[in-house]
Amino acid sequence: MTLFQKAQSVFKTIPQGVPDEVDISVSLNVNFPGLSATGSKQEKMPEPGIQTLCNRTDNSTFQMLDPQTLEPIGIADQTVLHPSLRGPLSAAHCKTDLTTGDVYNYNLDIGLTSTYRIFHVSRATGKTSILATFTHAATYVHSLLLTEHYVVLCLWNARFRAGGMSLLWTHNFVDALADYDPTQRITWFVVDRTPGGRGLIARYESDPFFSFHTINAYEEHSSTNPSKTDIIADVCAYDSLDVLKRFYIDNILSDSATARHFGESRNHSARGAFRRFRLPAVPEASSPKTLTAELVFSMGKGLGPELPHVSPRVRGRKYRYVYGVTDSGKSVFLDGLVKHDVVTQTSLYWSQHGQTASEPIFVTDPDSEDEDGGVLLSVVLDGIEGRSYLLVLDAKTMTEVGRATVHGVVGFGFHGAHVRDA
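Residues numbered from 1 in each chain as written. Predicted model: local features only at pLDDT ≥ 70, side-chain atom pairs only at ≥ 80, totals over all residues. Heavy atoms only, no water.

A closer look at the overall build of the protein chain
In step 1: From N to C terminus, the protein chain includes five helices and 27 strands.
In step 2: In terms of overall dimensions, the protein chain is globule-like: its C-alpha atoms have a radius of gyration of 21 Å, near the 22 Å expected for 422 residues.
In step 3: Along the three orthogonal principal directions, the C-alpha set of the protein chain runs to about 55 × 50 × 50 Å.
In step 4: Counting over 422 residues, the protein chain shows a buried share of 52%.
In step 5: Of the contacts formed within the protein chain by residues at least 6 apart in sequence, a portion of 56% connects residues at least 24 apart.
In step 6: With an accessible surface of roughly 19,100 Å², the protein chain has 52% of that area assigned to carbon and sulfur atoms.
In step 7: Charge-centre separation for the protein chain: the mean point of 38 positive side chains lies 5 Å from the mean point of 46 negative side chains. (Helix = DSSP H or I, 4+ residues; strand = E, 2+ residues; numbered from the N terminus. Rg over C-alpha atoms; globule rule 2.2 N^0.38 Å. Buried < 20%, exposed > 50% of the residue type's maximum accessible area, 1.4 Å probe, protein only. Contact = heavy atoms within 4.5 Å. Areas by Shrake-Rupley, 256 points an atom, 1.4 Å probe, with all protein chains shown as cover. Lys, Arg positive; Asp, Glu negative; His and termini not counted. Charge placed at Lys NZ, Arg CZ, Asp CG, Glu CD.)

This is how it looks when you write it as structure tokens:
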């Protein structure tokens, strides 16, 4: 193909073909504001219940699904929301305000100078607002952070080669990334989340790491200046890009020659750690000065949590418990579930021989006011019996409440969603 044809195939604004030919399967959004059931522009507020369902990944495409049958019924991209959102890349994990239903994300327009646009979509009106626009090296960012007043985008060490043009010939994220640079400090961008507000407020730098998933973020009175605000930001951090190569199929098959290297518990290169950062004394007005983000603590690698969840009650607020999967070296893949207490720095685990658990989804107990009042849902593969089951754990004790077994294997995905019956 000519270079022009490659650019056309990789960066096409609206994917061609029928909806079920689009390769998207990372995260699910229910009632994404501004979009109709088939992906056209919609300004009215969605009705109660599941009206729309869309499949998302780390680009700007939406694959719209029928909420009942899960059949793909439409394709759209972010230009449907706003014409300025023309870049090909975005976060698979947008952030939703659980009170208003408003959504926040970024759009990355790749070029000689790559441009980031942080945007907000109102659930009430369907209107999309550009909160801030800035330039930085093109970076693979899977998720961002949201607090009461700010959107935080951390551009960690996962830069694309040739300013992102490497995607034209590799056709995948992993091979398009430059080698991990342990000397390259990373940048945190803090943006006012109010439409028409102050825009980009501050930049912070910290020591390098790579991440897929942010855990949670919140604001508190500054430890150095009580009149100002600190942002506490929690992430699942890695010290290299080895985790990307670890999940190649040859490295997770138990009888593969390379699986033992990656599965070895002493091999920390592909295992993440729960790290907490403090972004101190957020300025009240846009500051040209680059500030320093402080590392508060880093949890042991492999002990989790990855694919993290917190109770919806404390999302964007100060919290105590985080849940996730663990990778402690008992198998060549994920080998358990964890509940980590941020206050006491202790953990509770669920783990059984030959059982591979997927992302734990927290469902709150409406009769409980406790942060950990609820259950965890996880689809588990029974490697011994060769079939899957839905596991239900008590979120307080990490003990089994029940399970529902299917007579077959449920293929592993990454993320799911629980929606309360209207």
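Structural notes on the packing of aromatic side chains
In step 1: All told, the structure shown has 20 aromatic pairs when counted by the stated rule.
In step 2: Judged by centre distance (6.0 Å) and plane angle (40°), the rings of Y106 and Y116 are tilted. Here the residue Y106 occupies a position in strand β7 (residues 103-109), and Y116 occupies one in strand β8 (residues 115-121), the gap between them amounting to ten residues. Taken as a pair, Y106 and Y116 share a single burial class, namely buried.
In step 3: Centroid distance F247 to F333: 5.8 Å. Interplanar angle 80°. Geometry classified as edge-to-face. (Phe/Tyr/Trp six-rings, centres within 6.5 Å; stacked < 30°, edge-to-face > 60°.)

Focus on the sheet that holds strand β1 (residues 27-30)
In step 1: A sheet is described by the order of its strands in space; here four strands give the open sequence β1-β2-β3-β4, paired in antiparallel fashion. Looking at the sheet topology across the chains shown, the edges are occupied by β1 and β4 (72-77). Averaged over neighbouring strand pairs, the angle between their axes works out to 30° when direction is ignored.
In step 2: Where strand β2 (residues 53-56) lies against strand β3 (residues 61-65), three bridges are found, and the strand directions are antiparallel. Paired with C54 across the strands is M64, a residue of β3. (Pairing = 2+ DSSP bridges. Axes fitted to C-alpha atoms, helices over the stretch in contact; angles between N-to-C directions.)

As for the pairing of strand β26 (residues 387-394)
In step 1: Of the strand pairs in this sheet, strand β25 (residues 374-382) and β26 are connected by eight bridges, and their pairing is antiparallel. Pairing of V379 across the sheet is with L390, part of β26.
In step 2: Hairpin connection of β25 to β26: four residues between the antiparallel strands, including G386 at a positive phi of 75°.
In step 3: Bridging between β26 and strand β27 (residues 400-405) involves five bridges; their strand directions are antiparallel. In the sheet register, L390 faces β27, and the bridge partner there is A404.

Regarding the nonpolar core
In step 1: The biggest cluster of nonpolar side chains holds 56 residues, and the ones touching the most others in it are L153, W188, Y204, F209, F210 and L279.
In step 2: Residue contributions to this core peak at six residues, all from strand β11 (residues 150-155).
In step 3: Listed in part, the 16 residues of the second largest apolar core include A357, L391, L393 and M398. (Core = buried A, V, L, I, M, F, W, Y, C linked by side-chain atoms within 4.5 Å.)

Regarding the pattern of salt bridges
In step 1: Following the criterion strictly, the structure yields 16 salt bridges and no others.
In step 2: Salt-bridge contacts for D370 lead to K396; the nearest nitrogen and oxygen are separated by 2.8 Å. One end of the pair, D370, is in the loop between β24 (361-364) and β25; the other, K396, is in the loop between β26 and β27, with 26 residues separating them in the sequence.
In step 3: Assessed through its relative accessible area of 38%, D370 is described here as partly exposed. (Salt bridge = Lys/Arg side-chain N within 4 Å of Asp/Glu carboxyl O.)

Regarding the sheet that holds strand β14 (residues 210-221)
In any sheet, the strands associate via hydrogen bonds between backbone groups, in a parallel or an antiparallel arrangement.
In step 1: Strand order in this open sheet of four strands is β14-β15-β16-β18, and the pairing throughout is antiparallel. The open sheet terminates on both sides in strands that have one partner only, identified here as β14 and β18 (294-298). The mean angle between the axes of side-by-side strands here comes to 25°, regardless of whether they run parallel or antiparallel.
In step 2: Relative to strand β15 (residues 229-238), β14 is paired through nine bridges, and the arrangement is antiparallel. Counterpart to H221 in the pairing with β15 is T229.

Quick word on a nonpolar patch on the surface
In step 1: Side chains of V379, L390, V406 and V410 sit close together on the surface and give an oily, nonpolar patch of about 250 Å² of accessible area.
In step 2: For V406, the location among the structural elements is in the segment after β27. (Patch = residues over 30% accessible without salt bridge, like charges linked within 9 Å, V, L, I, M, F, W, Y side chains within 5 Å.)

Remarks on the side chain of N107
In step 1: Position of N107 among the secondary structure elements: in strand β7.
In step 2: Separated by 3.4 Å, the side chain of N107 and the backbone oxygen of L85 make a polar contact.
In step 3: Those residues in contact with N107 that sit more than four places away from it in its chain are S60, Q78, L85, R86, G87, L89, T115, Y116, R117 and F119. (Polar contact = N/O pair within 3.5 Å; in protein donor to acceptor, adjacent residues only side chain to side chain.)

Some remarks on the pairing of β11
In step 1: Burial within β11 is extensive, with six of its six residues counted as buried.
In step 2: Burial along β11 is two-sided: the residues Y150, V152 and C154 and V151, L153 and L155 are all buried.
In step 3: Pairing of strand β10 (residues 145-146) with β11 involves two bridges; the strand directions are antiparallel. Bridging across to β11, L145 finds its partner in V152.
In step 4: The turn joining β10 and β11, which pair antiparallel and follow one another in sequence, is formed by three residues.
In step 5: As defined by bridge partners, β11 adjoins strand β12 (residues 186-192) across six bridges and the pair is classed as antiparallel. What sits directly across from L153, in β12, is F189.

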